[in-house]
Amino acid sequence: MTVFSRLLQLALAVLLLCSTLPAHAVDVVRAGSGSQAAYREQQTTSTVLMVSPDDFGFNAETAGSNLFQNRPDASSSPQKQALKEFDAMVTTLRDAGIRVIRLPSRMDARTPDAVFPNNWFSLHPRCIPSAPASGYWWGIRCWPPTVVPSGVLISLSASLQLMAWWYIG
Amino acid sequence: MAVVKDSWKNQDQMHLDTYFNIIDKDLAVIVEERIDQRDASGRVVKAADPAKRSLVDLYELQGGNYVKTASNIPFQRFVEQDLKMRLIPVSNADQLKYGINFLAVKGRQILAIDGVSDAYKKRLADAGVDVVWMDFHNLTGGYGAAHCTTQAIRGEMLYQSSNQHSGGGML
């Protein structure tokens, strides 16, 4: 296993643990104590970002390594049905008092799995006001820069961007 | 910050939220084959395959940098003993039906994907979990479920004693 893939695996694990924890449960455990700290530092949010499945479908690019995708038959239209399921979830969350920021999928490229943003993460401001005019930073587009206040944490790009950030410090 | 290290290369449990998820500050679910199974007295009746165990490194923010403060803590021990959570074991069949990839809206209230076994539903109900079951059978065709479709974008730091119980919110 290369160093890069090992670091990528580590970064994903960090991100997924943090993004898995529910409202009450991001805890800081004191070093070496083996027990809970006297205080617990907890992170909560009542706001989530979701990306509508506007181009949802079979991802041929990842099919070779992802055996769990379902290849729909030619007559079915999973995108419309997926959009209904997505809309129902947004409604359920809003009914529960959660603020949902709903973004569209990019339509200038194939984005069959844009509906799953949980594995991307970026929490640096570099790509926002100071980004090159092209809107790219280390080859990955910051999306869309205008909605992101400087310094605010938001999920924008792929984990590769995080890795580049890690490498550079 | 806890970093979970998973050395088991198993595609159907490729991300943490495919084999572990938190329901409340004292309750979580995990795929049963990853943990030691115990009887009512706490005796281990079936040990997990060591190759399927995850390990945890702990980091603490010190002066603006994360410093590693502990290494290779068994994940089960970390969750049960350090975080004092009870783990509900989930069968492989229910894991494959996205039974773990739910979204916790607040303590003991989750949005989950329907299609799991009645036994799993009963286990959640017995633990006092309020579940909204959703139809996701098209979206799961892309190999993701409720948790995968959301990203928390803003956090608020709350400081409280470990004995207190906070209100709603989501991450």
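Residues numbered from 1 in each chain as written. Chains lettered and ligands numbered in written order. Predicted model: local features only at pLDDT ≥ 70, side-chain atom pairs only at ≥ 80, totals over all residues.

The helix and strand inventory of chain A stands at four helices and five strands. The order of helices and strands in chain A, counted from the N terminus, is α-β-β-α-α-β-β-β-α. Out of the 169 residues belonging to chain A, those deemed buried represent 33%. Taking the contacts inside chain A whose residues are at least 6 apart along the sequence as the reference set, 59% of them involve residues at least 24 apart. (Helix = DSSP H or I, 4+ residues; strand = E, 2+ residues; numbered from the N terminus. Buried ≥ 20, exposed ≤ 12 C-beta atoms within 10 Å, placed from the backbone. Contact = placed C-beta atoms within 7 Å.)

For the rest of this paragraph, the subject is the nonpolar core. Generally speaking, soluble globular proteins have nonpolar side chains that are buried together. Core analysis: the largest hydrophobic core is formed by 57 residues, its most contacted members being B:Ala28, B:Phe102, B:Ile110, B:Leu111 and B:Ala146. In this structure, B:Leu111 is in contact with A:Met89, A:Thr92, B:Phe102, B:Leu103, B:Val105, B:Val132, B:Met134 and B:Ala146, ignoring residues within four places of it in sequence. (Core = buried A, V, L, I, M, F, W, Y, C linked by C-beta atoms within 7 Å.)

Attention now moves to the sheet that holds strand E10 (residues 109–113) of chain B. Note on sheets: strands pair through backbone hydrogen bonds, and any given pair is parallel or antiparallel. Residue and element names in this part refer to chain B. Within the open sheet, the three strands sit side by side as E9-E10-E11. Their pairing is mixed. Strand pairing shows two members of the sheet lacking a second neighbour, strand E9 (103–106) and strand E11 (130–134), which therefore form its edges. Pairwise comparison of adjacent strand axes, ignoring direction, gives a mean angle of 25 degrees for this sheet. Sheet topology places E10 next to E11; five bridges connect them, and they run parallel. Bridge pairing links Ile113 to Met134 in E11. (Pairing = 2+ DSSP bridges. Axes fitted to C-alpha atoms, helices over the stretch in contact; angles between N-to-C directions.)

All names here are of chain B. Taken in spatial order, the three strands line up as E1-E6-E7 in an open sheet, and their pairing is antiparallel. Edge positions in the open sheet fall to strand E1 (2–5) and strand E7 (65–74), since each of these has one partner strand only. Taking each pair of neighbouring strands and ignoring which way they run, the sheet shows an average axis angle of 25 degrees. Both E1 and strand E6 (residues 55–62) contribute to a ladder of four bridges, which runs antiparallel. Following the sheet pairing, Val4 is matched in E6 by Val56.

What follows deals with unusual backbone geometry. Residues and elements named next belong to chain B. Phi angles above zero are rare outside glycine, and Asn72 is one such case at about 55 degrees. Structurally, the position occupied by Asn72 is in strand E7. A positive phi angle, near 55 degrees, is found at Lys84, a position not held by glycine. Mapped onto the elements, Lys84 comes out in the loop between helix H2 (75–82) and strand E8 (86–90).

All names here are of chain B. Across chain B, pLDDT averages 88, with 89% of residues at or above 70. Per-element averaging of pLDDT across chain B places strand E13 (residues 156–161) at the bottom with 36 and helix H4 (residues 118–126) at the top with 98. Low pLDDT, under 50, characterises residues 156–171; the predicted model gives this stretch 50 contacts beyond four residues in sequence or across chains. Among the scores for the predicted complex, ipTM is 0.83 and pTM is 0.70. (pLDDT = per-residue confidence, 0-100.)

Here the focus is the environment of B:Ser91. By the element assignment, B:Ser91 lies in the loop between E8 and helix H3 (92–96). In this structure the C-alpha to C-alpha distance between B:Ser91 and B:Ile30, which are 61 residues apart in sequence, comes to 8.8 Å.

Below, the discussion takes up the environment of A:Met50. With respect to the secondary-structure elements, A:Met50 resides in strand E2 (residues 47–51). Taking the C-alpha atoms as reference, A:Met50 lies 5.0 Å from A:Arg102; in sequence the two are 52 residues apart.

Quick reminder: α-helices carry 3.6 residues per turn. Residues three or four places apart thus point the same way. Residue and element names in this part refer to chain B. Residues of H2 that are buried: Phe75, Phe78, Val79 and Asp82. Axial view of H2: buried residues confined to an arc of 115 degrees, hence all on one face. Where H2 is buried, its residues contact E1, strand E3 (27–31), E6, E7 and E8. (Arc of directions from axis to C-beta.)

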